[in-house]
Amino acid sequence: MEIWDKYYTWFYDTNVWKNMQYHGIRTLKLPSDMWNYQEIIFDRGITHVVETGTRHGGSALFFADTLAARTQGGFVITVDIDAASNMIRKHERIKFLIGDSSSPKTAAKIFSLLPEERGPVFLILDSDHARDHVLRELESLVPYLRSGDYLVVEDSSVNGHPVRHNFGPGPWEAIDEFTKRYPGTLRRDSGRERKFGATSCPNGYHEKI
Ligand SMILES: C[S@@+](CC[C@H](N)C(=O)[O-])C[C@H]1O[C@@H](n2cnc3c(N)ncnc32)[C@H](O)[C@@H]1O
């Protein structure tokens, strides 16, 4: 096993990821992925973040703060099927939506909230991690992306990549199937993915072509 997979397996199996906060709000992320996300947002001039899976709201707050440091008008749209865990509820740079993130209706709603004159979007899929759900999200949301937008599929590490061997087909299998079905749509950003070695998102960093 590669050294970063050993580190990541320790991070995952000891549940460190279940005990993390961003500015006091829980978030379920690998810290080096978050560092990568804020670098991507600055490098690529991202103006808006679309997140599926809000949970406690810590990641949405992280993206809102990062956008606030970079751009005057940018904001985050985050969608969850269940708002019960959301610790934030109201924030001037976050639009909270309730709904199924894999539904075409939700996708249409999300992208109707973005200005036509927008800059690049950072789309991050972090809701239900079952393959079929993630594949439906990809099929309903990616068609709204423009060339130069950025996609991260979170938690593709499950189902043995390298953790949770018995999870069943998950995000890794969804992105694999999507790129086979729609060649020429996404370009894998392997350098970014492995910039800090460990990642929760193997085969999960992509640029929209
Ligand atoms: C992994 S958590 C999100 C973690 C959060 N992004 C963070 O980093 O702190 C997954 C969330 O997805 C939500 N979810 C599950 N199924 C969903 C669906 N079909 N549509 C939208 N959200 C869903 C759950 O309610 C849960 O809050």
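A few points on the structure. The structure displayed is predicted, hence computed values, not measured ones.

## Concerning the side chain of Glu173
For Glu173, the position within the fold is in helix α6 (residues 171-181). Buried and unpaired, Glu173 has Arg131 as its nearest opposite-charge partner, separated by 6.8 Å. A distance of 3.1 Å separates polar atoms of two side chains, one belonging to Glu173 and the other to Asn159. A polar atom in the side chain of Glu173 sits 2.9 Å from the side chain of His161.

## Some words on the packing of helix α5 (residues 131-141) against α6
Contact geometry for α5 and α6: axes closest at 8 Å, N-to-C directions at 40 degrees. Considered as vectors, α5 and α6 are oriented oblique to each other. The two elements α5 and α6 meet at a crossing, and its hand is right-handed. Across from Arg131, Val134, Leu135, Leu138 and Glu139 in α5, the residues of α6 making contact are Pro171, Glu173, Ala174, Ile175, Glu177, Phe178 and Arg181.

## Brief notes about the site of the ligand
Looking at the ligand, there are 18 residues lining it, with Lys29, Gly53, Asp80, Ser101 and Asp126 nearest. At 3.4 Å from a nitrogen atom of the ligand is found a side-chain nitrogen or oxygen belonging to Glu51. When isolated, the ligand has an accessible area of 600 Å², and the protein chains bury 87% of it. Most atoms of the ligand, that is more than half of them, are within 2 Å of grid points of the largest pocket. Broken down by class, the residue content of the shell around the ligand amounts to 2 nonpolar, 9 polar and 7 charged.

## What to know about the nonpolar core
With 24 residues, the main nonpolar core has Ile110, Leu125, Leu138 and Leu151 as its most contacted residues. No other element matches the 4 residues that α5 contributes to this core. Dropping the residues within four chain positions of it, Leu125 is found in contact with Thr52, Val134, Glu137, Leu138, Leu141, Leu151, Val152, Val153 and Glu154. Counting 23 residues, the second largest nonpolar core, distinct from the first, contains Ile40, Ala64, Val76 and Ile88.

## What about the layout of surface pockets?
Within this model, the largest pocket holds a volume of roughly 570 Å³. What lines the largest pocket is a set of 35 residues, among which Leu28, Arg55, Asp126, Ser127 and His129 lie closest to the centre. Contributing elements (two or more residues each) for the lining of the largest pocket: α1 (3-13), α3 (58-70) and β4 (75-80). With 3 residues, the single largest contributor to the lining of the largest pocket is α1.

Conventions and cut-offs
Residues numbered from 1 in each chain as written. Predicted model: local features only at pLDDT ≥ 70, side-chain atom pairs only at ≥ 80, totals over all residues. Heavy atoms only, no water. Helix = DSSP H or I, 4+ residues; strand = E, 2+ residues; numbered from the N terminus. Buried < 20%, exposed > 50% of the residue type's maximum accessible area, 1.4 Å probe, protein only. Lys, Arg positive; Asp, Glu negative; His and termini not counted. Salt bridge = Lys/Arg side-chain N within 4 Å of Asp/Glu carboxyl O. Polar contact = N/O pair within 3.5 Å; in protein donor to acceptor, adjacent residues only side chain to side chain. Axes fitted to C-alpha atoms, helices over the stretch in contact; angles between N-to-C directions. Parallel < 35°, antiparallel > 145°, perpendicular 65-115°, else oblique. Left-handed = near helix turned anticlockwise from the far one by under 90°. Contact = heavy atoms within 4.5 Å. Near = heavy atom within 4 Å. Areas by Shrake-Rupley, 256 points an atom, 1.4 Å probe, with all protein chains shown as cover. 1 Å grid on protein atoms, 1.4 Å probe; cavity = no way out; pocket = protein on both sides within 12 Å on 5 of 7 lines; lining within 4 Å. Sits in = over half its atoms within 2 Å of the grid points. Nonpolar A, V, L, I, M, F, W, Y, C, P; charged D, E, K, R; others polar. Core = buried A, V, L, I, M, F, W, Y, C linked by side-chain atoms within 4.5 Å. Points joined across faces, edges and corners; volume = space filled by probe spheres on them.

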